[in-house]
Amino acid sequence: MVVNKIRADISEEFSSIKNSLQTHLHPYFHITQTKQFLRKQVPNRIVYKSEVLLDTLLNYLMKDAREKIEIADIELQNAFFDMDFRKRIHEWTRQMQNKLVLEPEIVQYSTDPRWKQGLIAGGVTFIAGTAITAGLAPSIVGPIVSGMATIILAALAFKLAYDKASPNAREAIKEDIDRYLESSREQVFAWLEKVAAAFDHDFHAFCSANGLILTGEVNE
């Protein structure tokens, strides 16, 4: 069946996208720069691949359609080619209501674990430092100096915890990308199913108008 063929093709193309991203997701990639780059780059690659898959689907559908009209006379077969179903479907997919629109349109990232760990470590240090400061002799200089030291220590604790959580942040990005690819894969498949249904509708209408009765769908 055409649907099974295109589903296999979609899986292959999305595996190709995932493999191509590994050059950006090496063990020590720059987190901020990579996140910004992949936010739009991944959807752009998916949209490009969807156009490739659309042409692949149309190849399958045209092949099946030609086989179904082999029993018809040459005039009907010529009329079929004159209709240029491939062009008609491409025009159909360019209509606003029929375009592929990924949801969301850009990669949505989960919470960065570096911030969580940094805030926890910095907050604990600040609270502990404040408690120590409160127990000092009631002079003016002492609490000020101790307070400044507490802020510095809290900042250092935040930075250490933030950096330490970087491997977790990288794993979170990879998981976010994987989830986006999986969601987009299903969206592309659903879109191509709609394309196949539109082709089937037009082809059956053409055959009916020309006195050729078909059984079943073209995409079966």
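K.L.:
Help me understand the packing of aromatic side chains in this model?
P.N.:
Any pair of aromatic rings gets described here by the distance separating the centres and the angle formed by the planes. Counted under the stated rule, the structure contains 8 aromatic pairs. Taking the centre distance of 5.2 Å and the plane angle of 25° together, the rings of Phe80 and Phe85 count as stacked. Across the pair, exposure class does not vary: Phe80 and Phe85 are buried alike. Between Phe85 and Phe203, the aromatic rings sit 6.0 Å apart at their centres with planes inclined by 70°, giving edge-to-face as the arrangement. With a gap of 118 residues between them, Phe85 in helix α4 (residues 85-94) and Phe203 in helix α7 (residues 166-209) connect regions that are remote in the sequence. A relative accessible area of 1% places Phe85 in the buried class. Here a set of aromatic residues connected by ring pairs shows up, and it is made of Phe80, Phe81, Phe85, Phe199, Phe203 and Phe206. The ring of Phe85 carries the charged tip of Arg88 above its face, separated from the ring centre by 5.9 Å.

K.L.:
Where do I start with the nonpolar core in this structure?
P.N.:
Generally speaking, soluble globular proteins have nonpolar side chains that are buried together. Core analysis: the largest hydrophobic core is formed by 47 residues, its most contacted members being Val42, Ile46, Ile177, Leu192, Phe199 and Phe203. Secondary-structure elements contributing two or more residues to this core are α1 (2-20), α2 (31-68), α3 (74-83), α4 and α7. Tallying contributions element by element places α7 first for this core, with 16 residues.

Definitions and limits used
Residues numbered from 1 in each chain as written. Predicted model: local features only at pLDDT ≥ 70, side-chain atom pairs only at ≥ 80, totals over all residues. Heavy atoms only, no water. Phe/Tyr/Trp six-rings, centres within 6.5 Å; stacked < 30°, edge-to-face > 60°. Buried < 20%, exposed > 50% of the residue type's maximum accessible area, 1.4 Å probe, protein only. Helix = DSSP H or I, 4+ residues; strand = E, 2+ residues; numbered from the N terminus. Lys NZ or Arg CZ within 6 Å of the ring centre and 35° of its normal. Core = buried A, V, L, I, M, F, W, Y, C linked by side-chain atoms within 4.5 Å.

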